[in-house]
Amino acid sequence: MALIIGGIGTTHVPAIGNAIAKGLQQDPYWRPFFAGFDYVHRWLAREKPDAVVVFYNDHGLNFFLDKMPTFAVGACNEYRNEDEGWGIPVSRAAMGDARLSWHIINELVTGEFDITMCQDMMIDHAVTIPLQLMYPSGDWPVKIVPISINTVQHPLPSPARCFNLGRAVGQAIESYAEPLKVAVMGTGGLSHQLDGERAGFINKDFDKLCMDDLAGNPQALTGYSIHELVELSGAQGVELLNWLAMRGAMRGEVTELHRNYHIPISNTAAATMVFGHRHAAKRQAA
Amino acid sequence: MSVSHHAIPGTTLFDGEQAQKGLALNRMCFSFNDPANRAAFLHDEDAYCAKYGLNAAQRAAVKERNVLKMIAAGGNIYYLAKLAGIFGLNVQDLGAQQTGSTVEAFKAKLAAAGG
């Protein structure tokens, strides 16, 4: 059976793509952020996941606002990136695991999560930048299952709903018959706001509270309304929903292994976290 | 019944009302994922905006390069950022414009938030 080996949370600010392309990792502005990935690289080298299930939000590459799924699951063996119109370099494609995708899709719909299934799906910087950060050599030795959550066009799914989506995805992964090692990932955030007179809003105290509660007390975060999240975390800080889905997927014992938090990267409070997950079934056997 | 909330200052939630109002403007901005469309916009901005059916408020806001007015006319910031990209502007430039500060002052405010 497949095992969930842990979770990764990371910011996905587009400017990171330019910094990577220009080789600015050691630049004083960027170093405090990129240094947070040294641990991630060691963890990946040790744990060697076969697949990564990525919770993220699309920013107008694959989905336009005319047809906006609340939750969408990719079911492809390859996911291309294309020009996003912001002057960031086009990324290489990522390999997918369509069989795992369809298993997750089947289990989700059986569990009454009526997701949109996508046999042709482009991934934007919210997936490609985290992969570039995880595997800086450019060799991505994992297959992905992208799961898009609408964080753009209100009404958005509630934090509790996204956490429960994660739980259902976690259950689906753990019922997959192949002996895969699977990591789950949530991208975006933390606090930031790009639009309006409140542009530039950052909330260090709330971000810290979120990071403190994610491992041991995620229920404290699922009680917020979307309106409260926008107020506390900024209009785009609601990308925390992706992190909550990632956390929800880990139903066993979860420990915080790593945290890096740096203000600012572009307009954003940048965070990188790694969580260890001890599988529920394994714990029973121990 | 929809739940009514207090307004969050300086924040326009991109909800159904905004989405409906801004569809033409956001559709035009979505087209800027294609470099040929970015070139076509630069070649003849009036014709390009007319092709996408922008209303008078949207056309005026685009002509003025005024982000707050584009948002008031239904623009979504992720899509407006694609328009800004045509002029080599990023979200920090947009943040400075919306808050009425210089880019340097806007960046300094962000850095100060790390305190």
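Residues numbered from 1 in each chain as written. Chains lettered and ligands numbered in written order. Predicted model: local features only at pLDDT ≥ 70, side-chain atom pairs only at ≥ 80, totals over all residues. Heavy atoms only, no water.

Draft legend 1. Layout of the overall build of chain B. Helices and strands together make up the secondary structure of chain B, namely eight helices and zero strands. The N-to-C order of helical and strand elements in chain B reads α-α-α-α-α-α-α-α. On the principal axes, the C-alpha backbone points of chain B span a range of 45 × 45 × 20 Å. Expressed as a percentage of the 115 residues in chain B, the buried residues total 41%. Restricting the contact set of chain B to residue pairs at least 6 apart, pairs at least 24 apart contribute 53%. Looking at chain B, you have 11 positive and 9 negative side-chain charges, and the mean spots of the two groups are 2 Å apart. (Helix = DSSP H or I, 4+ residues; strand = E, 2+ residues; numbered from the N terminus. Buried < 20%, exposed > 50% of the residue type's maximum accessible area, 1.4 Å probe, protein only. Contact = heavy atoms within 4.5 Å. Lys, Arg positive; Asp, Glu negative; His and termini not counted. Charge placed at Lys NZ, Arg CZ, Asp CG, Glu CD.)

Draft legend 2. Structural detail: the overall build of chain A. Looking only at helices and strands, chain A features eleven helices and ten strands. Rg of the C-alpha trace for chain A: 17 Å, near the compact-globule value of 19 Å for 286 residues, within the 12% margin. Expressed along its principal axes, the backbone C-alpha trace of chain A runs to roughly 50 × 40 × 40 Å. Split into buried and exposed, the 286 residues of chain A put 64% on the buried side. In chain A, the share of contacts with a sequence separation of at least 24, taken over all contacts with a separation of at least 6, comes to 80%. Carbon and sulfur atoms make up 50% of the accessible area of chain A, which totals about 10000 Å². One finds the centroid of the 22 positive side-chain charges in chain A at a distance of 9 Å from the centroid of its 30 negative side-chain charges. (Rg over C-alpha atoms; globule rule 2.2 N^0.38 Å. Areas by Shrake-Rupley, 256 points an atom, 1.4 Å probe, with all protein chains shown as cover.)

Draft legend 3. Representation of the interface of chain A and chain B in the model. Taken together, the contact between chain A and chain B spans 35 residues of the former and 41 residues of the latter. Carbon and sulfur atoms make up 60% of the area that chain A and chain B hide from each other, which totals about 3400 Å². If you sort the residues of chain A by the area they bury against chain B, F64(A), L194(A) and H227(A) come out on top, with a joint share of 19%. Our count for the chain A to chain B interface comes out at one salt bridge. D83(A) is paired through a salt bridge with R38(B); the nearest N and O atoms lie 2.9 Å apart. The set of elements that each furnish at least two residues to the side of chain A that touches chain B consists of helix 9 (226–233) and strand 9 (253–265) of chain A. (Buried area = accessible area lost by both parts, 1.4 Å probe. Salt bridge = Lys/Arg side-chain N within 4 Å of Asp/Glu carboxyl O.)

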